[in-house]
Amino acid sequence: MTIPTTTALRESAPKGSRPGPNMWKRMGASFSMFRNGKSLTGLAILGFFTVLAVFGDLIAPYGPLEKDYSALKQPPSPAHWLGTTHMGEDVLSQIIYGTRGVLVVGFLAGVIATLIAIIVGVTSGMLGGWRSESLSMLTNVFLVIPGLPLMIIIASQYENPSLLLISAVLAITGWAWGGRVLRAQTMSLRSRDFVQAARANGEPLWRVIAVEMLPNLMAIIASSFVGTVTAAVLGLTTLAFIGVIPITNLNWGTILFWAQQNGAFPDYWWWYVPAGLCIALLGTALALINFGIDEYVNPRLRSAGERARALRKQGLSATSAVTAVRAPAATTTDAAKATTS
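Residues numbered from 1 in each chain as written. Predicted model: local features only at pLDDT ≥ 70, side-chain atom pairs only at ≥ 80, totals over all residues. Heavy atoms only, no water.

Engineer: I'd love a proper account of unusual backbone geometry, names of residues and values included.
Structural biologist: With an omega of -5°, the peptide bond between Phe 265 and Pro 266 qualifies as cis. Along the chain, Pro 266 turns up in the loop between helix H12 (252-261) and helix H13 (269-297). Residue Lys 73 is not a glycine yet carries a positive backbone phi of 55°. (Helix = DSSP H or I, 4+ residues; strand = E, 2+ residues; numbered from the N terminus.)

Engineer: Got a sec to walk through the packing of aromatic side chains? Specific residues and values, please.
Structural biologist: The geometry of an aromatic ring pair comes down to the distance between the two centres and the angle between the two planes. Per the stated rule, a full pass over the model turns up eight aromatic pairs. Considering the side-chain rings of Trp 269 and Trp 270, the 5.9 Å spacing of their centres and the 80° angle between planes classify their relative orientation as edge-to-face. Residue classification places Trp 269 among the partly exposed residues on the basis of a relative accessible area of 44%. A cation sits over an aromatic face here: Lys 38 above Phe 291, 5.0 Å from the ring centre. (Phe/Tyr/Trp six-rings, centres within 6.5 Å; stacked < 30°, edge-to-face > 60°. Buried < 20%, exposed > 50% of the residue type's maximum accessible area, 1.4 Å probe, protein only. Lys NZ or Arg CZ within 6 Å of the ring centre and 35° of its normal.)

Engineer: Give me the lowdown on the side chain of Ser 167, citing residues and values where you can.
Structural biologist: Along the chain, Ser 167 falls in helix H8 (residues 163-172). Residue classification places Ser 167 among the buried positions, given a relative accessible area of 0%. Residue contacts for Ser 167: discarding those within four places in its chain leaves Val 104, Val 105, Leu 108 and Ala 109. (Contact = heavy atoms within 4.5 Å.)

Engineer: Residues and numbers for a nonpolar patch on the surface, please.
Structural biologist: Among the surface-exposed residues, Val 51, Val 54, Phe 55, Leu 58 and Ile 59 lie close enough to one another that they form a single nonpolar patch of about 490 Å² accessible area. Elements with a contribution of two residues or more to the nonpolar patch: helix H3 (37-54) and helix H4 (56-59). For Val 51, the location among the structural elements is in helix H3. Residue Val 51 is classed as partly exposed on the basis of its relative accessible area of 39%. (Patch = residues over 30% accessible without salt bridge, like charges linked within 9 Å, V, L, I, M, F, W, Y side chains within 5 Å. Areas by Shrake-Rupley, 256 points an atom, 1.4 Å probe, with all protein chains shown as cover. Salt bridge = Lys/Arg side-chain N within 4 Å of Asp/Glu carboxyl O.)

Set out below in structure tokens:
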């Protein structure tokens, strides 16, 4: 008995499932995670911070270390919208310049950690025997390693660590959760018919992973990436706040560090509140984007979201206990009978 190849299966598939106009609809459905208000709000906030990071040199009214000795620890004013520090430095300019370091470290650490999680998690899920168990044990080891002390020890060994080094340290301590989830999902997918058909057809392991497995894991990979970026941003600001990262790496955490060192709490609120709000806003944006990804991953949440959007288009509330029912329009015969009676 011959086993049909992947090409033969595609050729024998119904016409509607072949690549064509419906392909664009399926591609559009893959972005349904960004159709709800939560995801759009998160993307808008993230886009705002991205603009600050890219065009910070043009947007900032002053240099981050430019001093105005006539305005020391002054509250917000027309000259300094977010006030000044103890050295007369503009807080708004420091916030804008610090955004670049936060986003670079966060997303670079997210990319590195996600790549490690994919390599270890998917490979461990596809392989069997001692190789799979060895990779699983490696993941479990990194799960129980205390992340913050390890980050402090490694970062403190360098006088001026680069953003790449900081990102690598944060990625090494943050990839294990994503790898664990990807391993479990890969073990669930490897017994599916399309994977078994590809392996029976003699496809190499790397092609089975790249073509058959990864497209079905993209939503989970995206969710893991967002979660890793959030953890990296919090880790970076924590390292800066406790003084492990030198002041030359300006970010929101170093602003909080200098505010704490110079007694800004609680009187000089304009020095530390904006940086704390930026950290909270960025974390909120990433969480809102993750909500959209969860809706796409979970079929129940996806169907519920589509149902709610369909009801809103009809002018109905998705949370109302009673669904409004429109009475059918009366026909001409019914109207004539009512008139004669």
